[in-house]
Amino acid sequence: MSNLEAIYTQLPENLRDLPQPKSDEELEEMNYRVRHWMSSMPGSIKIGSKEHKQAVCQMFRETFNPYRPTFMDWPKLSEEEINRLKSLPIWDIAVHTEGKARLRMAAYVKELLDPEMADAIARNAWEENRHKEVLADLVKFYGIPLAQEQEYKVPKDAEWAYMVTGFSECWDSFFAFGLFAVAQKSGFFTKELIETFEPVMQEECRHILLFANWLAWHRKNLSLLKRVKFEAKLWAVHAFLIYERLGLIKDVDVDGQEYYEDNNFTINGVAELGKEKTSIKDFLKLCLSEDDHRFAGYDRRLVRPTTAPFLAKLLLRILPEKIANKQLG
Ligand SMILES: [Fe+2]
Ligand SMILES: [Fe+2]
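Residues numbered from 1 in each chain as written. Chains lettered and ligands numbered in written order. Predicted model: local features only at pLDDT ≥ 70, side-chain atom pairs only at ≥ 80, totals over all residues.

The name that an unreviewed UniProt entry assigns to the protein chain is Aminomethyltransferase, with the source organism given as Commensalibacter intestini.

## A short note on the overall build of the protein chain
Threshold: Each helix is a run of H or I in the DSSP string that is no shorter than four residues. Each strand is a run of E no shorter than two, and both are numbered from the N terminus. Residues with at least 20 other C-beta atoms within 10 Å of their own are called buried, those with 12 or fewer are called exposed, and the rest are partly exposed. The C-beta atoms themselves are positioned from the backbone. Residues are defined as contacting one another if the C-beta atoms placed from their backbone atoms lie within 7 Å.
A tally of regular secondary structure across the protein chain gives 13 helices and zero strands. Each of the 329 residues in the protein chain was classed as buried or not, and the buried ones make up 31%. Sequence-distant contacts, at least 24 apart, represent 84% of the contacts inside the protein chain between residues at least 6 apart.

## Focus: helix α8 (residues 191–220)
Heads up, the condition is: What a helix should span is 1.5 Å times the count of its residues minus one. At every residue, the bend is computed as the angle between two fitted axes, covering the seven residues ending there and the seven beginning there respectively.
When the terminal C-alpha atoms of α8 are compared, their 44 Å separation across 30 residues agrees well with the 44 Å that a helix rising 1.5 Å per residue should span. Along α8, the helix axis deviates most sharply at F197, where the bend reaches about 35°; the proline P199 sits within four residues downstream.

## What to know about the packing of helix α3 (residues 50–62) against helix α6 (residues 115–142)
Cut-off, in case you're wondering: Fitted lines through C-alpha atoms serve as axes, helices being fitted only where they are in contact, and the angles separating the N-to-C directions of these axes extend from 0 to 180 degrees. By definition in this entry, angles of less than 35 degrees are roughly parallel, angles greater than 145 are roughly antiparallel, angles of 65 to 115 are roughly perpendicular, and the rest are oblique. Note on convention: near helix rotated counterclockwise from far helix by under a right angle means a left-handed crossing. Clockwise means right-handed. Polarity classes work like this: nonpolar for Ala, Val, Leu, Ile, Met, Phe, Trp, Tyr, Cys and Pro, charged for Asp, Glu, Lys and Arg, and polar for all others, with Gly in that last group.
Orientation of α3 relative to α6, taken along the N-to-C sense of each, is 30°, at an axis distance of 9 Å. As judged from the angle between their axes, α3 and α6 are roughly parallel. Seen from above, α3 lies across α6 with left-handed handedness. In contact with K53, Q54, V56, C57, F60 and R61 of α3, α6 contributes E116, M117, D119, A120 and R123. Along the lines of polarity and charge, the residues of the contact of α3 with α6 split into five nonpolar, one polar and five charged.

## Re the nonpolar core
Put simply, the rule reads: Any set of buried Ala, Val, Leu, Ile, Met, Phe, Trp, Tyr and Cys residues joined through C-beta atoms within 7 Å is what this text calls a nonpolar core.
Counting residues in hydrophobic clusters, the biggest one holds 57 residues, and the most contacted among them are V56, M105, A106, V109, I121 and A125. Looking at this core, the elements with two or more residues in it are α1 (3–9), α3, α5 (91–111), α6, α7 (158–186), α8 and α11 (280–295). If one sorts the elements of this core by residue count, α7 sits on top with 16 residues. For I121, the residues in contact, after removing those within four places along its chain, are M105, Y108, V109 and L112.

## Some details on the environment of W74
Within the secondary structure layout, W74 lies in the loop between α3 and α4 (79–87). Classification of W74 as partly exposed rests on a count of 14 C-beta atoms within 10 Å. Each C-alpha atom of the pair W74 and E192 lies 8.0 Å from the other, and the pair is 118 residues apart in sequence.

## Notes on the packing of α7 against α11
Here α7 crosses α11 at 100°, and the two axes come no closer than 8 Å. With respect to each other, α7 and α11 are oriented roughly perpendicular. Contact residues: α7 offers F174, F175, F177, G178 and A181, while α11 offers F283, L286, C287, E290, D291 and R294. Here the contact of α7 with α11 is composed, by residue class, of seven nonpolar, one polar and three charged.

## Concerning the confidence of the model for the protein chain
Operational definition: Within a predicted model, pLDDT stands for the predictor's per-residue confidence, ranging from 0 to 100.
Looking at the protein chain, pLDDT values average 88 and 89% of them are 70 or higher. Of all helices and strands in the protein chain, the one with the weakest mean pLDDT is helix α10 (residues 265–273) (62), whereas α3 scores best (97). Predicted confidence for residues 251–260 stays below pLDDT 50, and this span has 14 contacts to residues more than four positions away or in other chains.

## Some words on the environment of D291
Examined against the element boundaries, D291 turns out to sit in helix α11. Of the residues examined, D291 has 22 C-beta atoms within 10 Å and is grouped as buried. Sequence-wise, D291 and S173 are 118 residues apart; in three dimensions their C-alpha atoms are separated by 8.6 Å. If near-sequence neighbours (up to four positions away) are discounted, D291 is found in contact with F174, F177 and P309.

So, in structure tokens, the structure goes:
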């Protein structure tokens, strides 16, 4: 087992026998615990301080959901429902994205000098690996064909790769929260599938909460020169992501891997998952309210991911009526 594999396959403490809720009340309690967290620290929390770092790491540990991927109770679906699942062009990219995320996070953990932050990001890597296992289990159960998996390469610049993954998750999660609600409303995903995937969705919310707070903490703890370099790198990451999302990167990945994937399912997917047509305006509003709803239970003193909600609100204000009312898909 490689060093990095050891990080994403083993939690820091021995939680191989993840304690499962034994009754409906325990399950309800656990569902509440993973969605709500308040630091016991009184007063304000200075962003970038030791207390800030401790609070975010504690949040990540204490909102952990102990579900076991191999024990997922996949609901029985009709042939039509299975065919609908098979028709979604997301499975290859989803498996690959989780595989890349776990490795990139693990690679960054190796570089981190702060043991508490390293522990939190190692847990995040572990959870990405669990997402991959959940997806692998799902595709196997429903017989969804997958393309040959790409080889995962250890990133040369772990911090860059971690930031690319973190910001990608921020964007993807913002739209995925909306898409999930669309699929729930239209019945595209059955009630049982929605319930099964709900913990994964909420986990992505915790991941981007951790990422936003890592970013805020990290940049405050850099010397002036390092901070200038870091901010430049941040812009480069955003430029890379815009370039990628515009579909301009078709065959070269961040690490030089060659392949093509649909990075824009989050937008194209509204038409696939919804029953009724949804306008750009309504979809953005839905993403914003779902985003608010998912973050509502976490301590307000922690930093929230703001770029995607900010741009969505800006678009709602500046988009000409004709474009805002355009139907997606
Ligand atoms: Fe994930
Ligand atoms: Fe994630």
